[in-house]
Amino acid sequence: MNLKILLPFKIFAEKTGVVRIVAETHAGSFGLLPHRLDCVAALAPGILVFETEAEGEVCLAVDEGVLVKSGADVLISVRNAIGGTDLGKLRAAVEQEFLNLDEQEKSVRSVLAKLESGFIHRFASFHHE
């Protein structure tokens, strides 16, 4: 398989000869082999594992994103990715970097929702005057 991992601002990795891929979704982990049917999956923050004949098994920490398999091509688009060999450090990076960022985003979205609802209420009361 041909694997391409995309970030919003660059291509993180581009590999050929990939023999298997293991990714995490909110429903759990799943694996891809070369002759699997085409599919699309929403990825959760976690560890992405792929294996090539040349490099062996490679582990990456990835933020949430999308995986698309079409024929022999697998395209993974994520918001952020961190490479490394130590699995424990990668798991810690997922917990510190990606999951904390999600909490900040939830807080910002909550504040924006309050601002929007306040604006709508004021606009509606202004319209009735």
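Criteria and thresholds
Residues numbered from 1 in each chain as written. Predicted model: local features only at pLDDT ≥ 70, side-chain atom pairs only at ≥ 80, totals over all residues. Heavy atoms only, no water. Helix = DSSP H or I, 4+ residues; strand = E, 2+ residues; numbered from the N terminus. Contact = heavy atoms within 4.5 Å. Areas by Shrake-Rupley, 256 points an atom, 1.4 Å probe, with all protein chains shown as cover. Pairing = 2+ DSSP bridges. Core = buried A, V, L, I, M, F, W, Y, C linked by side-chain atoms within 4.5 Å. Buried < 20%, exposed > 50% of the residue type's maximum accessible area, 1.4 Å probe, protein only. Salt bridge = Lys/Arg side-chain N within 4 Å of Asp/Glu carboxyl O. Polar contact = N/O pair within 3.5 Å; in protein donor to acceptor, adjacent residues only side chain to side chain.

A closer look at the overall build of the chain
Turning to step 1, where the next piece is worked out: Counting its regular elements, the chain contains one helix and ten strands.
Turning to step 2, where the next piece is worked out: Taking contacts inside the chain between residues at least 6 apart in sequence as the whole, the part at least 24 apart equals 49%.
Turning to step 3, where the next piece is worked out: Carbon and sulfur atoms make up 58% of the accessible area of the chain, which totals about 8300 Å².

Notes on the environment of A92
Turning to step 1, where the next piece is worked out: With respect to the helices and strands, A92 occurs in helix α1 (residues 87-128).
Turning to step 2, where the next piece is worked out: Placed 31 residues apart in sequence, A92 and A61 show a C-alpha to C-alpha distance of 9.3 Å.

Thoughts on the pairing of strand β2 (residues 11-15)
Turning to step 1, where the next piece is worked out: Of the pairings in the sheet, the one linking strand β1 (residues 2-6) to β2 comprises four bridges and is antiparallel in character. By the bridge assignment for β2, L3 is matched with K15.
Turning to step 2, where the next piece is worked out: Between β1 and β2, which pair antiparallel and follow one another directly, the connecting turn spans four residues.

Here's the deal with the nonpolar core
Turning to step 1, where the next piece is worked out: With 23 residues, the main nonpolar core has I5, I21, L67 and I76 as its most contacted residues.
Turning to step 2, where the next piece is worked out: One finds I47, V49, C59 and V94 within the second-largest nonpolar core, a separate group that totals six residues.

Examining the environment of D86
Turning to step 1, where the next piece is worked out: With respect to the helices and strands, the residue D86 is situated in the loop between β10 (81-84) and α1.
Turning to step 2, where the next piece is worked out: Residue D86 is classed as partly exposed on the basis of its relative accessible area of 40%.
Turning to step 3, where the next piece is worked out: Separated by 26 residues in sequence, D86 and L60 place their C-alpha atoms 9.6 Å apart.

Quick notes on the pattern of salt bridges
Turning to step 1, where the next piece is worked out: On inspection of all chains with the given rule, the structure shows six salt bridges.
Turning to step 2, where the next piece is worked out: Residue E55 is joined to K15 by a salt bridge in which the shortest nitrogen-to-oxygen separation is 2.8 Å. Of this pair, E55 sits in the loop between β6 (46-52) and β7 (56-62) while K15 sits in strand β2, and the two are 40 residues apart along the sequence.
Turning to step 3, where the next piece is worked out: Residue E55 is classed as partly exposed on the basis of its relative accessible area, which comes to 44%.
Turning to step 4, where the next piece is worked out: The salt bridge involving R20 is made with E57; its shortest N-O contact spans 2.3 Å. Of this pair, R20 sits in strand β3 (residues 18-25) while E57 sits in strand β7, and the two are 37 residues apart along the sequence.
Turning to step 5, where the next piece is worked out: R20 gets classed as partly exposed once you look at its relative accessible area, which sits at 24%.
Turning to step 6, where the next piece is worked out: One network of salt bridges, in which partners are shared, links R20, E51 and E57.

A few points about the environment of D73
Turning to step 1, where the next piece is worked out: Relative to the elements of secondary structure, D73 occurs in strand β9 (residues 73-78).
Turning to step 2, where the next piece is worked out: On the basis of relative accessibility, which here comes to 43%, the residue D73 falls in the partly exposed class.
Turning to step 3, where the next piece is worked out: In the structure, D73 is positioned 72 residues away from M1 in sequence and 5.8 Å away in space, judged by C-alpha atoms.
Turning to step 4, where the next piece is worked out: If sequence neighbours within four positions are ignored, D73 has contacts with N2 and V68.
Turning to step 5, where the next piece is worked out: Among the polar contacts listed, one links the side chain of D73 to the side chain of N2, at a separation of 3.0 Å.

None of the figures reported here should be taken as evidence of function without further support.
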